[in-house]
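Notes for the structure review
Residues per chain are reported as follows:
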Amino acid sequence: MSSPCHPSAVLLVFMALAVGVGAEQLKERSCDVIGDESSESQMERALLKKLEPLSQIRFNVTVEKGKTENYIYQFRVCREVNSTLHDFGGLVQTDRQNGKTTVIGRINETQVFNGSDWIMLIYKGGDSYGRHCSGEKRRAVIMISCKQGVTASSFSIISEEREKEQDCFYLFEMDSSVACPAEDSHLSVGSILLIIFASLIAVYIIGGFLYQRLVVGAKGMEQFPHFAFWQDLGNLVADGCDFVCRSKPRNAPAAYRGVGDDQLGEESEERDDHLLPM
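About the criteria used
- Residues numbered from 1 in each chain as written.
- Predicted model: local features only at pLDDT ≥ 70, side-chain atom pairs only at ≥ 80, totals over all residues.
- Heavy atoms only, no water.
- Core = buried A, V, L, I, M, F, W, Y, C linked by side-chain atoms within 4.5 Å.
- Buried < 20%, exposed > 50% of the residue type's maximum accessible area, 1.4 Å probe, protein only.
- Helix = DSSP H or I, 4+ residues; strand = E, 2+ residues; numbered from the N terminus.
- Salt bridge = Lys/Arg side-chain N within 4 Å of Asp/Glu carboxyl O.
- Arc of directions from axis to C-beta.
- Contact = heavy atoms within 4.5 Å.
- Pairing = 2+ DSSP bridges.
- Axes fitted to C-alpha atoms, helices over the stretch in contact; angles between N-to-C directions.
- Phe/Tyr/Trp six-rings, centres within 6.5 Å; stacked < 30°, edge-to-face > 60°.
- Lys NZ or Arg CZ within 6 Å of the ring centre and 35° of its normal.
- Disulfide = S-S within 2.5 Å.

An unreviewed UniProt entry annotates the protein chain as Cation-dependent mannose-6-phosphate receptor originating from Ramphastos sulfuratus.

Focus: the nonpolar core
Grouped together as the largest cluster of nonpolar side chains are 33 residues, with contacts concentrated most on L51, F75, L91, Y123 and I142. If you list the elements that add at least two residues to this core, you get helix 2 (42–51), strand 1 (58–65), strand 2 (69–76), strand 4 (101–114), strand 5 (118–125), strand 6 (140–146) and strand 8 (169–176).

Remarks on the pattern of salt bridges
Inspection of the entire model under this criterion finds 7 salt bridges. The shortest N-O distance in the salt bridge between E52 and R79 comes to 2.7 Å. Placement of E52 in the loop between helix 2 and strand 1 and of R79 in the loop between strand 2 and strand 3 (89–95) is noted, with a sequence separation of 27 residues between them. We classify E52 as partly exposed; its relative accessible area is 36%. According to the relative accessible area criterion, R79 is buried, its value standing at 9%. R162 is the salt-bridge partner of E160, the closest N and O atoms lying 3.9 Å from each other. What makes R162 partly exposed here is its relative accessible area of 27%. Shared partners join several salt bridges into a network, and the residues in it are E28, E52, R76 and R79.

A few points about helix 2
Every buried residue of helix 2 is accounted for by E44, L47, L48 and L51. One side of helix 2 holds all its buried residues, which, seen down the axis, span an arc of 100°. Projecting away from the buried face of helix 2 at angles above 90 degrees are the exposed residues Q42 and K49. Check the buried side of helix 2 and you find it contacts strand 4, strand 5 and strand 6.

Considerations on the sheet that holds strand 3
A sheet is described by the order of its strands in space; here 8 strands give the open sequence 1-2-3-4-5-6-8-7, paired in mixed fashion. The sheet is open, and its two edges are formed by strand 1 and strand 7 (153–161), each paired on a single side. Going from strand to strand, the sheet's axes swing by 25° on average, the running direction of each strand aside. Two elements, strand 1 and strand 2, share 8 bridges in a ladder whose sense is antiparallel. In the strand pairing of strand 2, V63 is matched with Y71. Sheet strands in contact with helix 2 are strand 4, strand 5 and strand 6, and its direction is about 120° off that of strand 4.

Let's talk about the packing of aromatic side chains
Tallied over the full model, the rule gives 11 aromatic pairs. Ring centres of F75 and Y123 lie 6.0 Å apart, and the angle between their planes is 50°; this geometry places the pair in the tilted category. Taken together, the residues span a long stretch of sequence, with F75 in strand 2 and Y123 in strand 5 at a distance of 48 residues. Note on F113 and W118: the rings are 6.2 Å apart at their centroids and 85° apart in plane angle, and the pair reads as edge-to-face. Residue classification places W118 among the partly exposed residues on the basis of a relative accessible area of 26%. Through pairs of rings, three or more aromatic residues link up here, namely F59, Y71, Y73, F75, Y123, Y129, F155, Y170 and F172. Note that R138 overlies the ring of Y129, its terminal NZ or CZ placed 4.7 Å from the centroid.

So, the state of the cysteines
Overall, the coordinates contain 3 disulfides when judged by the stated rule. There is a disulfide in this structure between C31 and C78, and the S-S distance comes to 2.1 Å. Sign of the S-S torsion, about -100° for the bond between C31 and C78, identifies this disulfide as left-handed. Highlighted residues: C31 in the loop between helix 1 (7–26) and helix 2 and C78 in the loop between strand 2 and strand 3, separated in sequence by 47 residues. Residue pairing for C146: its cysteine sulfur links by disulfide to C180, the two sulfurs lying 2.0 Å apart. Judged by the sign of its S-S torsion, about 95°, the bond between C146 and C180 is right-handed. Of this pair, C146 sits in strand 6 while C180 sits in the loop between strand 8 and helix 3 (189–216), and the two are 34 residues apart along the sequence. We classify C180 as buried; its relative accessible area is 5%. Taken in N- to C-terminal order, the disulfide-linked cysteines of the protein chain are connected 1-2, 3-5, 4-6.

Right under this line is the structure:
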């Protein structure tokens, strides 16, 4: 006969399931490039990763044209505007007059490519146009231009192209530093080698000083690593410079005539004669 389930164990199981479901709901969906995951190129993955710093920012712009058009456009980079709806809406239009919401583009149908100083993000799969553009699905095109020192700014709608039979779209633009090219290092090879050489010298002097002071117990100038070697090297360099750079031979006679000891002796005796008593 099997033992009945313990009430506390059943409660723990339900709590674990509830936590798992809650965590799944809290996890926001991100951009999914059109096509199979295996078909995504390295460039597309790199661009989506480059746009990741903008994913936590919400962008809004209000457009008012007379009394007939009064809309609010809400946009997120590779995230759903309203994650509770689970509609993949990355760019949403809301009519301020009647509160109707229209999805302009969805993050599960994303295209992304770039140029030297811009990134183009496209959300496809929006709600149908209905009477316009042969009833095709809406599409949002967001041009992200390079602007140094700015995380994100100037989100605005440029135009809505809906007078064509097909390939209609909404065009938006914004500025961000994520679209800027990576700055190349201004250090030349010589500068890098010089920095490495200076670092090695600093390590040699500091390390040698600590070793001489703490291990050997040296004092004064003897704390300098290999002090005797550098002293001898300095003397050799000085001798070599003296030998090469002297402007006259070593055995050349002096340019002045010296005064001998005999002359000094005689002169002193002559000068002392007038001091003797008569």
